[in-house]
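One-letter residues, chain by chain:
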Amino acid sequence: MRCMRYSYFAYYTKPKLSKRLEEKGRLAERRAEMALKYTGKKIWRGKTKELYFKDFTLVGRADFVSDNEVIEVKTRLSSAFLVPNMAQLNLYMLMEGKDNGVLLSGDGKFLKLERSEFLIRQSLKYFETLAEHITSFDIPEGDRTFCRNCHFRRFCVD
Ligand code: SF4
C-alpha cells in the first residue's frame, strides 16, 4: 500500500498534479485506449462506484472495463508503486465484480493479474486503519519508500 501519511494528508487536501504530469497521464490514457481498441476488444470507460463499509466508504473509477476484466492505465509501471497499483486494481475488480485485471502503461507494457482476496483484505485493512487515524486526528507514520516525488514532502517532517 502507499504511504498512509500521504493518504491522510490527501484526505484533507487533494494533491494537485503538475501540468506536465497531468498531460503525461492523459497521453498514456489516449495511447492505451487506442491500443485496446486495436485489439478489437469491446471496452468502455469505468463509472464511479462506491463501496460502503462500517466506518468508511471507498469511491473509485477504473480507467477501462471490458466484459471480463478491469484495465487500469499508468504512465509507467514503476516497481516502487507496483504493490499499491496492484492493490488499487484489485479494489476496482471488486467494485466491478471482475476476476481479472490488467495494469497497462502508456509505453505498451502490461501486467495481467487475477483477483487476489488477500490483497483486497490488506487494502480494506489499510483503509480501516486510515479511517481510524482520520477520525482521531492522529497523523500516521510515513513510509519513506515513496517520498521522492511526494506532493507533501515539503511539510512532512518527523
Ligand atoms: S513525504 Fe514521504 S512520509 Fe511524507 S507523506 Fe510523502 S511519502 Fe509519506
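Structure first, text after, so check above.
Residues numbered from 1 in each chain as written. Predicted model: local features only at pLDDT ≥ 70, side-chain atom pairs only at ≥ 80, totals over all residues.

So, on to the overall build of the chain. On a plain count of helices and strands, the chain comes out with 4 helices and 7 strands. Computed over its C-alpha atoms, the radius of gyration of the chain comes to 16 Å, within 12% of the 15 Å expected for a compact globule of 158 residues. Its C-alpha atoms give the chain principal-axis dimensions of roughly 50 × 35 × 25 Å. A fraction of 66% describes how many contacts in the chain between residues 6 or more apart in sequence connect residues 24 or more apart. (Helix = DSSP H or I, 4+ residues; strand = E, 2+ residues; numbered from the N terminus. Rg over C-alpha atoms; globule rule 2.2 N^0.38 Å. Contact = placed C-beta atoms within 7 Å.)

Read from one edge to the other, the open sheet built from 5 strands follows the order β1-β4-β5-β6-β7, with strand pairing classed as mixed. Edge positions in the open sheet fall to β1 (43-45) and β7 (110-114), since each of these has one partner strand only. In this sheet, adjacent strand axes meet at a mean angle of 25° when their direction is disregarded. Across the sheet, helix α2 (residues 19-38) is in contact with β1, β4 (64-66), β5 (69-74) and β6 (100-105); its angle to β5 comes to roughly 140°. Along the sheet, helix α3 (residues 82-96) makes contact with β4, β5, β6 and β7, crossing β5 at roughly 145°. (Pairing = 2+ DSSP bridges. Axes fitted to C-alpha atoms, helices over the stretch in contact; angles between N-to-C directions.)

Within the largest apolar cluster, 15 residues are counted, with the highest numbers of intra-cluster contacts made by Ala62, Val70, Ile71, Leu89, Tyr92, Met93 and Leu104. Contributing elements (two or more residues each) for this core: β4, β5, α3 and β6. Broken down by element, this core gets its largest block of residues, 6 residues, from α3. In this structure alanine 62 touches Gly46, Val70, Glu72, Tyr92 and Glu96, once residues within four positions along its chain are discounted. (Core = buried A, V, L, I, M, F, W, Y, C linked by C-beta atoms within 7 Å. Buried ≥ 20, exposed ≤ 12 C-beta atoms within 10 Å, placed from the backbone.)

Where α3 meets helix α4 (residues 117-135), the axes come as close as 9 Å, and the angle between the chain directions of the two elements is 100°. Between α3 and α4, the interaxial angle falls into the category roughly perpendicular. Residues Met86, Ala87, Asn90, Leu91 and Leu94 of α3 touch α4, and the partners they reach there are Leu119, Ile120, Gln122 and Ser123. Per-class residue counts for the contact of α3 with α4 are 6 nonpolar, 3 polar and no charged. (Parallel < 35°, antiparallel > 145°, perpendicular 65-115°, else oblique. Nonpolar A, V, L, I, M, F, W, Y, C, P; charged D, E, K, R; others polar.)

Cys3, Gly142, Cys147, Cys150 and Cys156 are the nearest of the 13 residues found near the ligand. Of the residues belonging to the shell around the ligand, the class tally is 8 nonpolar, 1 polar and 4 charged. (Near = placed C-beta within 6 Å.)

Positionally, leucine 89 belongs in helix α3. Linking leucine 89 and leucine 119, residues 30 residues apart in sequence, is a C-alpha distance of 9.8 Å. Residues contacting leucine 89, with those up to four places away along its chain left out, are Val70, Glu72, Gly101, Leu103 and Leu113.

Structurally, the α-helix is built with 3.6 residues per turn, so residues lying three or four positions apart point the same way. Look at α2: 29 Å from first C-alpha to last across 20 residues, which is about the 28 Å you get at 1.5 Å a residue. The buried fraction of α2 is low, at 1 of 20 residues. Downstream of α2 by a residue or two, glycine 40 has a phi angle that is positive, lying close to 85°. (Expected span 1.5 Å × (residues − 1).)

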